[in-house]
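An overview of the molecular structure
Residues per chain, in single letters:
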Amino acid sequence: MNRILPYGLFAFLCLFRVSTALADFPFHQHSVTTTFNTAAAARIGDLDGDGDMDLAATGWEASDVAWFENDGDQNFTEHTIEEGFSGRDVILRDIDGDGDLDVFACDSDVNEVKWWENDGTGSFTGYMITSELASAHTMEVGDIDGDGNLDPICASWLGGLVWFENDGEENFTQQVIDDEGTGGTCVHAIDWDGDEDTDLVVSWYEDAMIALYLNDGSGSFTRIDVGGRNGMHWIHANDIDSDGDMDIASAAYAASLIGWWENDGNNVFEHHSLYNFRGASWVTTGDIDNDGDIDIFGSAEIADEIGWWENDGEAEPTFERHIIAENFQRVMGEDLGDIDGDGDIDFVAAAVDGDDVAWWESLLLDTHFSQGAVAPIFMRPESGSFVINAEIINPHENALLVSCYINNEDSTYVNNLSLYDDGQHSDLEEGDNIWGNELAAPAMEDFFSMDINIMDTDALYGDFVADFAHCTTVGPLTFDQLEVRSDPLPGPGERITFQVSLHNESASAIAPEIRAEMVTEDPLITVQSGVNVGYNDVGPDSIYMPTSNRRVLVDENHLAETEVPFTLKITSNGVQYWTDSFMLPIGVNAVDDRDDVALIKGFRMAEPYPNPFNSTSLVSIELPATCELELRLYNLLGEEVQVIEKGIFAPGTHQFAIHANNLASGIYLVQAKSSEFGSLQRRIVLVR
């Protein structure tokens with residue numbers, strides 16, 4: 001007895017994260033300026049002493065050094081510190097010990113290193129440290145000689161690594177640390193070995209090397225080469241694996257690689273790659289998600305992306321990637337800090353080609369949307385209700401008003417649905433932060449998207465996310481026919497070429513931009529082409545057979561004379577709404593799960609009519625030549641329940657009657673089989 005897999009469209013839960021694709025909370029982007037010429041770096045600090053975080057920035061090509069005053073509500077006003085300064089980076093430190101932040105930068109075009117003294121109100125006076133450091137590239141500040149005064153440090157492209165001894169009156173004397181390193185792009189000052197002096201970690205771009213410089217406390221250094229990748233561009237030291245010693249996060253520009261260097265405790269390092277980030281340009285570290293471990297944060301100049309890598313906190317940590325921003329054109333320097341004063345980590349970044357400075361607000365400690373779902377994702381018009389759920393992060397347990405806006409395909413307003421967390425609106429349990437309600441399937445055939453609006457009535461704060469979920473009353477789009485392009489049917493060790501048609505069962509709606517992805521769990525089947533085939537637009541009650549072939553290779557160890565189940569994941573405009581399946585025969589003219597396997601052109605079975613039926617349905621079969629034909633009816637267990645007809649028939653179209661007789665209501669399969677031409681099959685529904 002031939003067993004046939006049951007037919008069915010499976011209702012399923014489909015989750016759509018917010019566009020930022022974060023694990024637990026999103027960042028919201030806010031523009032500071034879009035007119036800062038070749039913005040190369042931005043830093044966070046309170047520059048006017050008013051208790052809120054301001055920003056400082058510098059531009060790459062004859063731009064400015066400037067600061068952006070925060071009015072306390074994160075509205076920023078630009079103030080120029082110096083015009084025409086080509087800075088690669090900007091540093092904020094209180095070098096003169098007067099309680100305010102001063103500004104440091106270097107101009108590689110004219111070999112200058114400068115600092116600007118802050119009078120405490122955000123008014124600055126500039127001073128030259130040196131004008132003779134070849135291709136001065138990046139700066140840091142730390143107490144190198146242990147005298148209590150902060151000393152500037154600079155890594156240059158051509159002039160090595162130097163520090164400038166501060167006499168306490170901000171008079172500086174240049175001291176050489178390393179005159180052999182080339183392509184200095186980043187220097188990080190930190191007490192690496194816990195001996196209470198300032199050590200340095202430096203990335204050398206041209207040398208493809210990270211170097212550690214251990215200070216003896218007097219400004220004399222011992223160099224240790226950590227390791228490197230092509231184009232080491234930025235580094236940041238921290239205890240990434242929480243084992244008590246310092247590790248290093250790195251961004252390798254030429255290698256397009258974000259990674260970290262694990263310290264074994266004896267300054268022997270093992271590199272761990274995290275992600276191929278095109279033009280990896282910047283990296284820093286911090287506890288982004290406030291879970292007690294060190295995460296890694298970075299950007300890619302060529303990919304125009306900003307992301308972070310979430311540390312799982314294990315002894316041998318693994319990291320999950322989250323992309324925060326895309327299309328931030330030629331993103332460069334960024335900084336982490338609490339810009340809005342709400343206790344979580346925000347960040348600022350600069351974009352060279354976009355002339356942009358922007359900051360991203362972390363919503364870790366704010367009410368915000370996390371993820372949403374609708375189920376089922378397909379339903380026929382007026383046949384039931386869609387269940388809509390949304391997870392709302394509400395850390396302060398504030399009073400919320402949550403609404404879901406339902407829009408149809410052309411984004412005209414359709415409905416507004418309140419969501420509840422009371423355990424009575426398909427929202428699981430009361431107070432579990434899963435909000436829900438039911439939407440009666442509309443009478444129209446259409447595609448629908450959901451927006452969510454959250455109002456925190458205690459904090460007077462809102463969050464809005466568009467297109468968090470989708471559903472449809474169009475369709476279903478179902479498997480219709482399988483046409484194998486080989487005769488005889490290939491077996492183990494051979495390729496099978498075939499095409500799959502789809503049927504849009506809608507009464508009046510077009511299904512646009514249809515694609516069907518084909519997958520199988522059979523390990524002895526390799527899909528060689530046609531994994532995801534486009535069907536363009538499929539009209540109402542229409543069948544579409546694409547011109548693109550699908551091709552699979554059957555392993556030589558596969559069983560012959562068998563059938564392989566395939567699943568079709570069917571999408572419209574990139575959203576999967578429907579799922580169906582079919583059976584691919586191997587090495588024999590076998591029966592597929594419910595439809596056509598025609599090996600000879602001209603052997604066809606029409607859709608039974610009427611379908612569904614109550615007492616009698618008619619089915620037409622086209623024969624290309626005289627042949628012996630058997631027509632049988634099977635249930636979904638593959639059991640034969642009726643012989644409809646058998647005999648020898650002339651070429652042409654023949655019509656046969658299917659009688660309900662004593663059959664129970666349900667789905668049946670009509671099979672037409674010819675030893676000369678193969679077998680065909682159609683689904684038919686009996687309704688009593």
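Residues numbered from 1 in each chain as written. Predicted model: local features only at pLDDT ≥ 70, side-chain atom pairs only at ≥ 80, totals over all residues. Heavy atoms only, no water.

1. A look at the overall build of the protein chain
In terms of helices and strands, the protein chain carries zero helices and 53 strands. A compact globule built from 688 residues should have a C-alpha radius of gyration of about 26 Å, whereas the protein chain, at 34 Å, is more than 25% larger. Overall size of the protein chain, expressed as C-alpha extent along the three principal axes, is 110 × 60 × 45 Å. A separation of at least 24 residues holds for 53% of the contacts in the protein chain among residues at least 6 apart in sequence. For the protein chain, the exposed surface amounts to about 27,800 Å²; the carbon and sulfur share of it is 44%. (Helix = DSSP H or I, 4+ residues; strand = E, 2+ residues; numbered from the N terminus. Rg over C-alpha atoms; globule rule 2.2 N^0.38 Å. Contact = heavy atoms within 4.5 Å. Areas by Shrake-Rupley, 256 points an atom, 1.4 Å probe, with all protein chains shown as cover.)

2. What to know about the pairing of strand 25 (residues 305-311)
The buried fraction of strand 25 is high, at seven of seven residues. Burial along strand 25 is two-sided: the residues Glu 305, Gly 307, Trp 309 and Asn 311 and Ile 306, Trp 308 and Glu 310 are all buried. Hairpin connection of strand 24 (residues 295-300) to strand 25: four residues between the antiparallel strands, including Asp 304 at a positive phi of 60 degrees. Direction of pairing for strand 25 relative to strand 26 (residues 319-325): antiparallel, over a ladder of six bridges. Across the sheet, residue Trp 309 finds its bridge partner in strand 26, namely Arg 321. (Buried < 20%, exposed > 50% of the residue type's maximum accessible area, 1.4 Å probe, protein only. Pairing = 2+ DSSP bridges.)

3. Quick look at the confidence of the model for the protein chain
It should be kept in mind that the predicted coordinates are not to be read in detail where pLDDT is low. Predicted confidence across the protein chain gives a mean pLDDT of 88, with 93% of residues reaching 70 or more. Note on residues 1-25: pLDDT is under 50 here. Beyond four places in sequence and across chains, it has 92 contacts. Contacts from residues 588-601, a stretch scored under 50 in pLDDT, to residues over four places away or in other chains number 74 contacts. (pLDDT = per-residue confidence, 0-100.)

4. Here we look at the side chain of Thr 367
Considering the arrangement of structural elements, one finds Thr 367 in the loop between strand 29 (356-362) and strand 30 (368-375). Taking the relative accessible area as the measure of exposure, Thr 367 reaches 3% and is therefore buried. Within the structure, Thr 367 has its side chain in polar contact with the side chain of Asn 394 (distance 3.3 Å). A distance of 2.9 Å separates the side chain of Thr 367 from the side chain of Asp 456, its partner in a polar contact. (Polar contact = N/O pair within 3.5 Å; in protein donor to acceptor, adjacent residues only side chain to side chain.)

5. Some remarks on the sheet that holds strand 16 (residues 199-204)
Whether parallel or antiparallel, the strands of a sheet pair through hydrogen bonds between backbone atoms. The strand order 15-16-17-18 describes an open sheet built from four strands, whose pairing is antiparallel. This sheet does not close on itself; its edge strands, each paired only once, are strand 15 (184-190) and strand 18 (221-227). If you compare each strand with its neighbour and ignore which way they point, the axes differ by 20 degrees on average. Across six bridges, strand 17 (residues 209-215) lies against strand 18 in antiparallel orientation. (Axes fitted to C-alpha atoms, helices over the stretch in contact; angles between N-to-C directions.)

6. Comments concerning the pairing of strand 53 (residues 678-686)
With nine of its nine residues buried, strand 53 lies for the most part within the structure. Residues Gly 678, Leu 680, Arg 682, Ile 684 and Leu 686 of strand 53 are buried on one face, and the alternating residues Ser 679, Gln 681, Arg 683 and Val 685, pointing to the opposite face, are buried as well. In the sheet, strand 52 (residues 666-674) pairs with strand 53 via nine bridges, with the strands oriented antiparallel. Following the sheet pairing, Tyr 668 is matched in strand 53 by Ile 684.

7. A closer look at the sheet that holds strand 9 (residues 112-118)
Across the sheet, which stays open at both edges, the four strands sit in the order 7-8-9-10 with antiparallel pairing between neighbours. Since the sheet does not close on itself, it has two edges, and those belong to strand 7 (87-93) and strand 10 (124-130), each with one partner. With strand direction ignored, the average angle separating the axes of adjacent strands in the sheet is 20 degrees. Here strand 7 runs beside strand 8 (residues 102-107); their pairing, made up of five bridges, is antiparallel. Its bridge partner lying in strand 8, Gly 87 is registered against Asp 107.

8. A word on the pattern of salt bridges
In total, this model carries 11 salt bridges according to the counting rule given. Salt-bridge contacts for Arg 223 lead to Asp 178; the nearest nitrogen and oxygen are separated by 2.7 Å. A residue pair is termed long-range when its members are at least 10 positions apart, and Arg 223 in strand 18 and Asp 178 in strand 14 (residues 172-178) qualify at 45 residues. On the accessibility criterion, Arg 223 (33% relative accessible area) is partly exposed. Since its relative accessible area comes to 8%, Asp 178 is described here as buried. A salt bridge links Arg 330 to Glu 301; the shortest N-O distance between them is 2.3 Å. (Salt bridge = Lys/Arg side-chain N within 4 Å of Asp/Glu carboxyl O.)

9. As for the nonpolar core
Generally speaking, soluble globular proteins have nonpolar side chains that are buried together. Formed by 58 residues in total, the largest nonpolar core has its most connected members in Ile 452, Phe 498 and Phe 582. Sort the elements by how many residues they give to this core and strand 45 (residues 575-586) lands first, with six residues. If you look at the next biggest cluster of nonpolar residues, it comprises 47 residues, including Trp 67, Cys 186, Leu 212 and Ala 251. (Core = buried A, V, L, I, M, F, W, Y, C linked by side-chain atoms within 4.5 Å.)

10. Concerning the environment of Gly 231
Within the secondary structure, Gly 231 is located in the loop between strand 18 and strand 19 (232-238). Discounting chain neighbours no more than four positions away, the residues touching Gly 231 are Tyr 205, Ala 208, Ala 251, Ala 252, Tyr 253 and Ala 254.

11. Let's talk about the packing of aromatic side chains
As enumerated under the stated definition, the model contains 27 aromatic pairs in all. Here Trp 67 and Phe 124 contribute two aromatic rings whose centre-to-centre distance is 6.4 Å and whose plane-to-plane angle is 65 degrees, an arrangement assigned as edge-to-face. With Trp 67 in strand 5 (residues 64-70) and Phe 124 in strand 10, this pair connects stretches of sequence that are 57 residues apart. With 5.5 Å between their ring centres and 90 degrees between their planes, Phe 649 and Phe 656 make a pair best called edge-to-face. The pair formed by Phe 649 and Phe 656 is uniform in burial state, with each residue classed as buried. Here a set of aromatic residues connected by ring pairs shows up, and it is made of Phe 27, Phe 297, Phe 328, Phe 347 and Trp 360. If you follow Arg 330 out to its NZ or CZ, it ends over the ring of Trp 60, 4.9 Å from the centre. (Phe/Tyr/Trp six-rings, centres within 6.5 Å; stacked < 30°, edge-to-face > 60°. Lys NZ or Arg CZ within 6 Å of the ring centre and 35° of its normal.)

12. Description of unusual backbone geometry
Cis geometry is adopted by the peptide bond preceding Pro 376, which originates at Ala 375 and carries an omega value of -10 degrees. The topology assignment puts Pro 376 in the loop between strand 30 and strand 31 (385-393). A positive phi angle, near 50 degrees, is found at Ala 208, a position not held by glycine. Within the fold, Ala 208 resides in the loop between strand 16 and strand 17.

13. Side note on the side chain of Asn 263
With respect to the helices and strands, Asn 263 occurs in strand 21 (residues 257-263). If we ignore the near neighbours within four places in the chain, the residues touching Asn 263 are Trp 192, Asp 243, Asp 245, Met 246, Asp 247, Val 268 and Phe 269.

14. Focus on the environment of Ala 105
Position of Ala 105 among the secondary structure elements: in strand 8. Excluding residues that lie within four positions of it along the chain, Ala 105 makes contacts with Phe 85, Asp 89, Glu 112, Val 113, Lys 114, Trp 116 and Met 139.

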